[in-house]
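An overview of the molecular structure
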Amino acid sequence: MKELHNALRLQYWLVVDYVLFWRVWISSAQQVQFKPRTGQSHPDQVWLQIKPPPTSPVDRFTQVLAVGIGGSALGPQFVAKALAPDNPPLEIRIIDNTDLARIDHQIAQLGPEMASTLVIVILKSGGTPETRDGLLEVHKAFHDVGLEFAKQILH
Ligand SMILES: O=P(O)(O)OC[C@H]1O[C@H](O)[C@H](O)[C@@H](O)[C@@H]1O
């Protein structure tokens, strides 16, 4: 059982490394834009463009704040819970609904480590309104404490 767990743990990190590598590589090859399902350009798309790789203003990232809903939240939640090592190097939180009180609470939980938080936006379609709303809330929170949000986001 221990061997199985170790094998799964190794696979977990291989998948995480693989996904992060390709997301960063693809993002640096092309500016990723957030577009709604209507196909019209989003008015906020300028700040939603990122210039990867993300960087932490305080040397390294210590936690992850993911924004996604439905399958885009359940998948990462499953991987994080099922395959995480005993002492995960990064705390992972997921904003997966539009309850503002809950979102505020999750942002407050980032505490002084907001500067070392990597924000990951997960979506398949590219235009889920709930995910956009969560993203706007997180953006405002980073902006309010003077952090350069665009540098800490991967989407
Ligand atoms: O991954 P996205 O395109 O953001 O979609 C996220 C979710 O949106 C809706 O809630 C759908 O009913 C789900 O099936 C989907 O997983």
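Keep in mind it's a predicted model, so treat the numbers as computed, not measured. (Residues numbered from 1 in each chain as written. Predicted model: local features only at pLDDT ≥ 70, side-chain atom pairs only at ≥ 80, totals over all residues. Heavy atoms only, no water.)

**Examining the nonpolar core**
Formed by 17 residues in total, the largest nonpolar core has its most connected members in Met114, Val119, Val138, Phe142 and Phe149. Taken together, the elements giving at least two residues each to this core come down to β1 (63-67), α4 (100-110), β3 (117-121) and α5 (129-144). Ranked by residues supplied to this core, first place goes to α5 with four residues. Contact partners of Met114, with chain neighbours within four places excluded, come to Gln63, Ile107, Ala141, Phe142, Val145, Leu147 and Gln152. Counting five residues, the second largest nonpolar core, distinct from the first, contains Phe61, Val64, Leu118 and Leu154. (Core = buried A, V, L, I, M, F, W, Y, C linked by side-chain atoms within 4.5 Å. Buried < 20%, exposed > 50% of the residue type's maximum accessible area, 1.4 Å probe, protein only. Helix = DSSP H or I, 4+ residues; strand = E, 2+ residues; numbered from the N terminus. Contact = heavy atoms within 4.5 Å.)

**A few points about the site of the ligand**
All residues in the neighbourhood of the ligand are listed as Ile69, Gly70, Gly71, Ser72, Leu123, Lys124, Ser125 and Thr128. Between the ligand and Ser72 there is a distance of 2.4 Å, counted from an oxygen atom to a side-chain nitrogen or oxygen. Contact between the ligand and Ser125: an oxygen atom at 2.7 Å from a side-chain N or O atom of the residue. Burial of the ligand by the protein chains amounts to 58% of its free accessible area of 390 Å². Counted by class, the shell around the ligand contains two nonpolar, five polar and one charged residues. (Near = heavy atom within 4 Å. Polar contact = N/O pair within 3.5 Å; in protein donor to acceptor, adjacent residues only side chain to side chain. Areas by Shrake-Rupley, 256 points an atom, 1.4 Å probe, with all protein chains shown as cover. Nonpolar A, V, L, I, M, F, W, Y, C, P; charged D, E, K, R; others polar.)

**Re the packing of α4 against α5**
α5 packs onto α4 with a crossing angle of 40° between their chain directions and a minimal axis gap of 11 Å. Taken together, the axes of α4 and α5 are oblique relative to one another. The handedness of the crossing between α4 and α5 comes out as right-handed. From α4, Leu100, Ile103, Asp104, Ile107 and Leu110 reach across to α5, where they touch Gly134, Glu137, Val138, Ala141 and Phe142. Taken together, the residues of the contact of α4 with α5 break down into seven nonpolar, one polar and two charged. (Axes fitted to C-alpha atoms, helices over the stretch in contact; angles between N-to-C directions. Parallel < 35°, antiparallel > 145°, perpendicular 65-115°, else oblique. Left-handed = near helix turned anticlockwise from the far one by under 90°.)

**Considering the pattern of salt bridges**
Here the structure, examined in full by the defined rule, presents three salt bridges. For Asp144, the salt bridge is made with Lys140, and the minimal N-O distance between the two is 2.7 Å. Taken together, the positions of Asp144 and Lys140, both in helix α5 and four residues apart, correspond to about one turn of that helix. The closest approach of N and O atoms between Glu148 and Lys151, which form a salt bridge, is 3.5 Å. On the accessibility criterion, Lys151 (43% relative accessible area) is partly exposed. (Salt bridge = Lys/Arg side-chain N within 4 Å of Asp/Glu carboxyl O.)

**Focus on helix α3 (residues 71-83)**
With 13 residues, α3 extends 18 Å from end C-alpha to end C-alpha; this agrees with the ideal 18 Å at 1.5 Å per step. For α3, the full list of buried residues reads Ser72, Ala73, Ala80 and Leu83. Along the long axis of α3, the arc covered by the buried residues comes to 155°, so they all point the same way. Turned more than 90 degrees away from the buried face of α3 sit Gly71, Leu74, Phe78 and Lys81, all of them exposed. (Expected span 1.5 Å × (residues − 1). Arc of directions from axis to C-beta.)

Note that all results are geometric; they support no functional claim without further evidence.
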